[in-house]
Amino acid sequence: MTDTRSPLCSGRQTEDNQDSGLDDSLVIKGLQQASRNPCLLTDTRLVVHFCNHAARTTLGPLLQRPIHTGAYLCDIIKEEYRKDFDNAVSLAERGEVHPVAIVVREALDTILNLSLEIVPVRQTDGSIAAYCVNIFDHTAAHRAEKALRENLRFSQAVIKHSPIGVSVRDRHGRLLSANPAWGRIWNYDENDIRRLQAEQKHTLELDERDTYLGPWQQKVREIYQKGGELFIPEIQLTGQRSLNTRWISHYFYAIHDDEGRVDRVVILTEDLTERKRHEQERGQAHRMEMLGLLAGGIAHGFNNVLQGFLGHVALAKDDIKEDQEAWHHLSVAERVAEQANHLTQQLLTFAKGGEPVRQPTNTAELVTDSVSVALGSSPVTVSFDFEPGLPQIDVDNGQIGRAIQNITVNAVQAMPEGGRVSVAVKTHKLPESVTDSTLRSQSYVRVRVSDQGQGIPPDEIHRVWDPYYSTREGHSGLGLTAAYAIVSKHNGVLHINSQPAKGTVVDMWLPACDRSSEDSIDLDQLDPRGSERVLVMDDEDFIRSLMDKALSRYGYQVTVASDGKESLKLYEQAKANSVPFDLVILDLVVANGMGGQETMKELKKLDPSVMALVCSGYSADPIMANYRQHGFAGVVKKPFRPKSLAQAVRHHCDLAKKGRRS
């Protein structure tokens, strides 16, 4: 096979020990030239005359067999590295000294980065007498550089996708770089950022954009001038710095140059708005819970008192004629008691664990009636906009009616000189801020109430749901808090949006009714009279007496009991005597005795087909909302009017007869 490589490799030495004729001084000179790196010395034919240990180790991966004195390099270089070796030889022949990079793959995951440099050793006349072959191992440096690049890419990716805003400024405050989160926080797009980066600053000036720093400005200035670190836990942003009110935190730290001067200032900016909102919601929920503990107990007892008062007033009015003066006095007392009942129901709204007693309700009628009641004789006018074919809403119409009234009253109070309240009702999706997938899968109706008042200051909008907060002197602010609690218990959503001098908009999302119900019958149109046997259980003597008189007036045969044990005994006796009760009314809470829930369980054992109503002045009790799950056919909420009680009895007695016939 003909050797077509360079002339230096064309000749071969036939004897390993042939004298090369090298002068010792040249050998020493070559060794001195290579003393800093692993090297070997060859003659002009590339026959090895000297090779140090470092060179053997470093050059080893390129060779087919170990190197030794007298070896011919062209014979022992591996085939895959011959081209690189020839390049180095060609450079040497031309008298040029340039390292040739060689990549060695020892294994799948092991790469060596070497370079080969052949340096001519010249005689005094300039002719080449020998070659010094230097081998450099750059593997560690390459690995360090690769790791540095990977770390840089990782750091850049972390900064780019970080939810925390990261910006870098020079000592004069000029923006050098910023990540996307920083732009989102300050509402800057890419063009804004490029403009800020192009600004030339020669001295540090905290301009009008930095007034939001308030008392922190001087300390920030010191960071730019002297260095150090600074953490600002909370700053509120309004106006030009942010489209909406936001909360942020800042962390400043300075980077110094080699001379100790401030070279860069890195600023980490975190948007705390969502966290603050959740904290406020948790605080509000805690306050509502505490208020509920107090309200539930007060309202329960007060409702029993109201029941006795309103019930006997109604009975007294039935006993006299409408043209008598006493009838009018009783009517006034009745209206006053109803106002007290309204306050009691507001207290019950906050009761812990309470759930609304829902039923399909005509949306347009409920909204119209509630808004009209709230407007009263105020100078405010109203306009309604109802979407055609509105579905019914699945709500406790008493609670939601109060919520709508409270919101409307708030709108009226915002316009003391008069104005217009606009009410729009339509089917509408929940806002994007609601992340609960269970709620978002439901169908909702949105009730929007808008006013033309002065609005709410941006820094106070987050407090509108707080109990007793109000922007108007002399008003308690409890109305919106009650509305918030009511809507939340209906799996609804309440949002408020307000701008100073432009009015306030309150949006209420309520679950649409996706079921039909026999309970939607209008009891007010039902004839209350009957002759059925009714068992009434209540621990208050005056309420037992009231219910007895009220139902007896409409023809029912009434038997009363003071607790669950007495009720069970009477029910069992009536059944044994073949004169069973057609209906049972059980008070939910009995002091020091068996209440309605436990009594109902025992009645079911005696008679699985028993028809029973649950009655309570604590209408927010979960059993009142989920009465069917506890075996009851319906509910009676205190305080009630005698006629409405009789109509409820009539309705359920009719249902019982239908069930028996089937």
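Residues numbered from 1 in each chain as written. Predicted model: local features only at pLDDT ≥ 70, side-chain atom pairs only at ≥ 80, totals over all residues. Heavy atoms only, no water.

Let's talk about the pattern of salt bridges
Scanning the model with the defined rule gives 26 salt bridges in all. With its nearest N and O atoms 3.8 Å apart, the salt bridge here joins arginine 195 to aspartate 192. Of this pair, arginine 195 and aspartate 192 both sit in helix α8 (residues 190-198), three residues apart, which is roughly one turn of the helix. Between arginine 195 and glutamate 199 there is a salt bridge, with its nearest N and O atoms 3.8 Å apart. Classification of arginine 195 as partly exposed rests on a relative accessible area of 42%. Here glutamate 199 falls in the partly exposed class, since its relative accessible area comes to 26%. Here the salt bridges share partners, and the residues they tie into one network are Arg171, Asp257, Glu259 and Arg261. (Salt bridge = Lys/Arg side-chain N within 4 Å of Asp/Glu carboxyl O. Helix = DSSP H or I, 4+ residues; strand = E, 2+ residues; numbered from the N terminus. Buried < 20%, exposed > 50% of the residue type's maximum accessible area, 1.4 Å probe, protein only.)

Side note on empty space enclosed by the protein
Summed over the entire model, instances satisfying the criterion amount to four cavities of 30 Å³ or more. Here the second largest cavity defines a volume of roughly 40 Å³. In terms of lining residues, the second largest cavity is bounded by Ile407, Asn410, Ala411, Val449, Asp451, Thr504 and Val506. Secondary structure elements with two or more residues in the lining of the second largest cavity: α13 (397-413) and β17 (503-511). Broken down by class, the residue content of the lining of the second largest cavity amounts to four nonpolar, two polar and one charged. (1 Å grid on protein atoms, 1.4 Å probe; cavity = no way out; pocket = protein on both sides within 12 Å on 5 of 7 lines; lining within 4 Å. Points joined across faces, edges and corners; volume = space filled by probe spheres on them. Nonpolar A, V, L, I, M, F, W, Y, C, P; charged D, E, K, R; others polar.)

Examining the sheet that holds strand β20 (residues 583-587)
If you trace the five strands from one edge of the open sheet to the other, you get β19-β18-β20-β21-β22, paired in parallel fashion. If you trace the sheet from one side to the other, it starts and ends with β19 (557-561) and β22 (634-637), each paired once. Here the average twist between neighbouring strands, direction ignored, is 20 degrees. With four bridges connecting them, β20 and strand β21 (residues 612-616) associate as parallel partners. Across the sheet, leucine 586 pairs through a bridge with valine 614, a residue of β21. Sitting on the sheet, helix α16 (residues 541-553) is in contact with β18 (533-537), β19 and β20, with an inclination near 170 degrees to β19. Lying on the sheet, helix α18 (residues 596-606) is in contact with β18, β20 and β21; it crosses β20 at an angle near 150 degrees. (Pairing = 2+ DSSP bridges. Axes fitted to C-alpha atoms, helices over the stretch in contact; angles between N-to-C directions. Contact = heavy atoms within 4.5 Å.)

Observations concerning the pairing of strand β16 (residues 493-499)
Consecutive side chains of a regular strand alternate in pointing toward one face of the sheet and then the other. Alignment of β16 against β17, held across seven bridges, turns out to be antiparallel. Note that in β17 the partner of valine 493 across the bridge is tryptophan 509. Linking β16 to β17, which pair antiparallel, is a turn of three residues; within it alanine 501 sits at a positive phi near 70 degrees.

With respect to unusual backbone geometry
The omega torsion across lysine 638 and proline 639 is -5 degrees, close enough to zero to call that bond cis. Note on placement: proline 639 falls in the loop between β22 and α20 (642-661). For leucine 46, which is not glycine, the phi dihedral falls at a positive 70 degrees. Examined against the element boundaries, leucine 46 turns out to sit in the loop between β1 (39-42) and β2 (48-51).

Considering the environment of histidine 68
Summarising the element assignment, histidine 68 is placed in the loop between α3 (53-59) and α4 (73-76). Along the primary structure histidine 68 and cysteine 51 are separated by 17 residues, whereas in three dimensions their C-alpha atoms are 7.3 Å apart.

Some points on the environment of asparagine 406
Among the secondary structure elements, asparagine 406 is positioned in helix α13. Once the C-alpha coordinates of asparagine 406 and threonine 481 are considered, the two residues, 75 residues apart in sequence, prove to be 9.1 Å apart.

A look at the sheet that holds strand β7 (residues 175-178)
One open sheet accounts for five strands, arranged β7-β6-β10-β9-β8; its pairing is antiparallel. Edge positions in the sheet fall to β7 and β8 (229-237), since each has one partner strand and no second. Pairs of neighbouring strands in the sheet enclose a mean axial angle of 20 degrees, with direction left out of account. Two strands pair when backbone bridges link them, and β8 and strand β9 (residues 246-256) are joined in this way by seven bridges, in the antiparallel orientation. Its bridge partner being in β9, leucine 237 is matched across the sheet by arginine 246. Sheet strands in contact with helix α9 (residues 217-226) are β6 (165-170), β8, β9 and β10 (262-271), and its direction is about 145 degrees off that of β10.

Describing the packing of helix α12 (residues 363-375) against α13
Any two packed helices are characterised by the angle at which their axes cross and by the distance between the axes. The N-to-C vectors of α12 and α13 enclose an angle of 45 degrees; their axes lie 8 Å apart at closest approach. Taken as axis vectors, α12 and α13 run oblique relative to one another. For the element pair α12 and α13, the recorded crossing hand is right-handed. Between α12, through Leu366, Val367, Ser370, Val371, Val373, Ala374 and Leu375, and α13, the contact on the second element is made entirely by Asn397, Ile400, Gly401, Ile404, Gln405, Thr408, Val409 and Val412. Grouping the constituent residues of the contact of α12 with α13 by class yields 10 nonpolar, five polar and no charged. (Parallel < 35°, antiparallel > 145°, perpendicular 65-115°, else oblique. Left-handed = near helix turned anticlockwise from the far one by under 90°.)

Remarks on the packing of helix α17 (residues 564-576) against α18
Contact geometry for α17 and α18: axes closest at 10 Å, N-to-C directions at 20 degrees. One finds that α17 runs roughly parallel with respect to α18. Handedness of the α17/α18 crossing: right-handed. On α18, the residues touching Gly564, Ser567, Leu568, Tyr571, Glu572 and Lys575 of α17 are Thr599, Glu602, Leu603 and Leu606. Class assignment for the residues of the contact of α17 with α18 results in four nonpolar, three polar and three charged.

Some points on α12
End to end, α12 covers 18 Å across 13 residues, agreeing with the expected 18 Å (1.5 Å per residue, within 8%). Within the sequence span of α12, burial applies to Thr363, Leu366, Val367, Ser370, Val371, Ala374 and Leu375. Relative to the axis of α12, the buried residues are bounded by an arc of 150 degrees and lie together on one face. When the buried face of α12 is taken as reference, the exposed residues oriented beyond 90 degrees from it are Glu365, Asp369 and Val373. On its buried face, α12 is in contact with β11 (359-361), β12 (380-386), β13 (393-395), α13, β14 (419-427) and β15 (444-450). You can read the cap of α12 off the contacts: a side-chain oxygen lies 3.2 Å from the backbone nitrogen of alanine 364, and it is on asparagine 362. Directly beyond the C-terminal end of α12, a positive phi value near 55 degrees is found at glycine 376. (Expected span 1.5 Å × (residues − 1). Arc of directions from axis to C-beta. Polar contact = N/O pair within 3.5 Å; in protein donor to acceptor, adjacent residues only side chain to side chain.)

Quick look at the packing of aromatic side chains
Overall, the coordinates contain four aromatic pairs when judged by the stated rule. Ring geometry for tyrosine 251 versus tyrosine 253: centroids 5.7 Å apart, planes at 35 degrees, classification tilted. Taking relative accessible area as the criterion, tyrosine 251 reaches 24% and is therefore assigned partly exposed. A cation over an aromatic ring shows up here: lysine 317 above the ring of tryptophan 327, its NZ or CZ 4.4 Å from the ring centre. The ring of phenylalanine 581 carries arginine 533 above its face, with NZ or CZ at 4.7 Å from the centroid. (Phe/Tyr/Trp six-rings, centres within 6.5 Å; stacked < 30°, edge-to-face > 60°. Lys NZ or Arg CZ within 6 Å of the ring centre and 35° of its normal.)

Looking at α16
Counted at 1.5 Å a residue, the expected span for α16 with its 13 residues is 18 Å, and the 18 Å between its end C-alpha atoms agrees. The complete set of buried residues in α16 reads Ile543, Arg544, Leu546, Met547, Ala550 and Leu551. The buried residues of α16 occupy one face: seen down the axis, they fall within an arc of 160 degrees. Looking one or two residues beyond α16, the residue adopting positive phi is glycine 555, at roughly 100 degrees.

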